[in-house]
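Architecture and fold: a report
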Amino acid sequence: MAAVAEKDTKTAALAAPVDAPAVSTTDGAAPADGAPPADGPPPADGTASPELDAEAVAAKAARQLEKKLKKEAQKKEQKEKKEKKAAAAAAASAKKKGESKEGMDVGKEEDFPRWYNQVITKSELIEFYDISGCYILRPWSFAMWDTIREFVDAAIKKQGVQNAYFPLFVSEDRLEKEASHIEGFAPEVAWVTRSGQTDLDKPIAVRPTSETIMYPAFAKWIRSHRDLPLKLNQWSNVVRWEFKHPTPFLRSREFLWQEGHTAFATQEEADAEVLAILDLYRDTYETLLAVPVIRGRKSEKEKFAGGLYTTTVEGFIPSTGRAIQGATSHCLGQNFGKMFGITYLPESGGAAKTVWQNSWGLTTRSIGVMVMTHGDDKGLVLPPRVATLQVIVIPIVVKGREEEMATHARRIADELSAAGLRADVDARTDKTPGWKFSQWELKGVPVRVELGPRDVDASSAVAVRRDTFAKTTFPWTSLADDVRALLDHVQADMLERARNTVASRISIVHGWEGFVPILDAKGMAVAPWCTTVECEEDVKKRSEEASLAAAAAAAAAQGSSVGETDERALSGAAKTLCMPFKEELDRMGVPEMAEGAKCFACDGAAESFTLWGRSY
């Protein structure tokens, strides 16, 4: 018996941690000093056997450990019960308050990529698809695109532009006819190579843009000066097989857009239209979407492939410190005209002349820019002019007055709709008012009209702004006019706040020192620049190196490696965003360039103040 106990004791002791007492499988109470061991008498000489002493110590340690483990298990069980009880209470409270389980659970500044994915899906703008980079536009977002389309379409028609539609596919020969043009798009072109089980003789490209599709037709249609100007636009989809981080609305493999293509007899006419269209794009962003943009001209490196020059409206996302190209208007010059033989006989007679051409486009990216600019921790914040629904009426029903409250809510929504506002009532009876408040805040409806029993008794209603949550009580007699005025204030205030935020992120620099820190602080820099491609490439390289060095230093300070740092951290190379027009520079407070000014990056002669930043 003792031998077995000894063996068990040694085994337990070997299994025990170094700093833990040996564990015995012997049961029973610990013996008192001098007491015989539990399993036998003491030796004849009256002294305790060393083996038996070891067994006693091990038995005592085993009982202590068993007691400790039992106590810890009880504590764990109690803790789990407490947590379950708290979770149940929280769930009951959420249900009682009408909180939506579909609400946001991450802050905009906490984790922007995750926030963005949540806000566009939970607000029902986007549904993900099983092909990477392709997304479903749900009715809530497509209605916004309809509004944008109607705004732009009405404006371009006033400029004499007509809508048409050209095929989705383009032959390889046509696409590759303009070498510099296809070079710019080659990595993004998707090709059809097979029909059923049969390989095509020649691959067919899915349009990344339509210059090479449209211009052979232009060459047929334009013969005389009487055929000019030719101004066409199409609303369509295009495919650009993006491989770098597809992002809904911003970078997707298929997107919707309008692309205008025009031909003129003179460069002056083409130049005038470039600026007119750019102003339209600015109005689309600022007047409709309440998103401030900066107009300017792209650098040679950043201009449209095959074009003469490119103008742009640039947006800025403060939460990420990155700029984003909002829309572009290109002067193509005579390059495509010469390539496709688009000529006309001038009114003065003589030899045929090559036309001057433009192309310009605005995409569904505009919706994503708007979401990023205005959204908050509760979800979308929609500018009234583009909002799918401008006003939601929510009755706060009490027992015994259900039908009365619902009737008044429906009447108010109908009156607002009759006044030209996009309004509706949430009359669902299976949802509480609190749940409805959260749901419509998530979807970004600009104004919520609350109607409670006291409001009905006072013939009034409470209007709540989505952007500030400010509440105002309006009488029924003037409710439509008051709500319309409130929506106008919301629209103006959203643009003003966004404009002030962007302005606060722009700094003027005259040398390399301080340039990268401005970008690291989620800002943009305006600097005198020589405008050469070589210098732009050098700035890109140096800024990326500085960014990597800063990331390495930050990682070292945290005791991690660069590879372990957060991939979402703001880093990367700087690029030219645009050379802002004088009106934009004046708004930024940029002074006239001094005589003999030097490029901030290479000390060459400065040619233009240029806006730099990191970009999507």
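Residues numbered from 1 in each chain as written. Predicted model: local features only at pLDDT ≥ 70, side-chain atom pairs only at ≥ 80, totals over all residues. Heavy atoms only, no water.

**Looking at the overall build of the protein chain**
- A count of helical and extended segments in the protein chain gives 17 helices and 23 strands.
- Split into buried and exposed, the 616 residues of the protein chain put 46% on the buried side.
- Looking at the protein chain alone, contacts between residues at least 24 apart form 70% of all its contacts between residues at least 6 apart.
- With an accessible surface of roughly 30,800 Å², the protein chain has 53% of that area assigned to carbon and sulfur atoms. (Helix = DSSP H or I, 4+ residues; strand = E, 2+ residues; numbered from the N terminus. Buried < 20%, exposed > 50% of the residue type's maximum accessible area, 1.4 Å probe, protein only. Contact = heavy atoms within 4.5 Å. Areas by Shrake-Rupley, 256 points an atom, 1.4 Å probe, with all protein chains shown as cover.)

**Points about the sheet that holds strand β15 (residues 391–395)**
- Across the sheet, 5 strands lie side by side as β16-β15-β17-β18-β19; this open sheet has mixed pairing. Each edge of the open sheet carries a strand with a single partner, namely β16 (423–425) and β19 (471–475). Pairwise comparison of adjacent strand axes, ignoring direction, gives a mean angle of 25° for this sheet.
- Taken strand by strand, helix α12 (residues 433–442) contacts β15 and β17 (447–451), and its axis lies near 170° from that of β15.
- Strand contacts of helix α14 (residues 479–504): β15, β17, β18 (460–465) and β19, with the helix running at about 10° to β18, the strand carrying the most contacts. (Pairing = 2+ DSSP bridges. Axes fitted to C-alpha atoms, helices over the stretch in contact; angles between N-to-C directions.)

**Focus on the nonpolar core**
- In this structure, Y116, L125, W140, I148, M370 and V371 are the most contacted members of the largest nonpolar core, which totals 51 residues.
- When sequence neighbours within four positions are dropped, the list of residues in contact with W140 reads S123, E124, L125, L380, L382, T388, L389, W440, K443 and V445.
- In this structure, M214, Y215, F304 and L332 belong to the second largest nonpolar core, which totals 24 residues. (Core = buried A, V, L, I, M, F, W, Y, C linked by side-chain atoms within 4.5 Å.)

**Focus on the packing of aromatic side chains**
- Tallied over the full model, the rule gives 16 aromatic pairs.
- Ring centres of W145 and W235 lie 5.9 Å apart, and the angle between their planes is 75°; on these two criteria the pair is classed as edge-to-face. Of this pair, W145 sits in helix α4 (residues 139–158) while W235 sits in strand β7 (residues 230–239), and the two are 90 residues apart along the sequence. Here the two residues W145 and W235 agree in accessibility, since each one is buried.
- By the ring-pair criterion, three or more aromatic residues cluster together here, those being F166, Y215, F218, W221, F336 and F340.
- It is R411 that lies over the ring of W476; its NZ or CZ is 4.4 Å from the centre.
- If you follow R542 out to its NZ or CZ, it ends over the ring of W512, 4.0 Å from the centre. (Phe/Tyr/Trp six-rings, centres within 6.5 Å; stacked < 30°, edge-to-face > 60°. Lys NZ or Arg CZ within 6 Å of the ring centre and 35° of its normal.)

Just distances and angles here, no functional claims.
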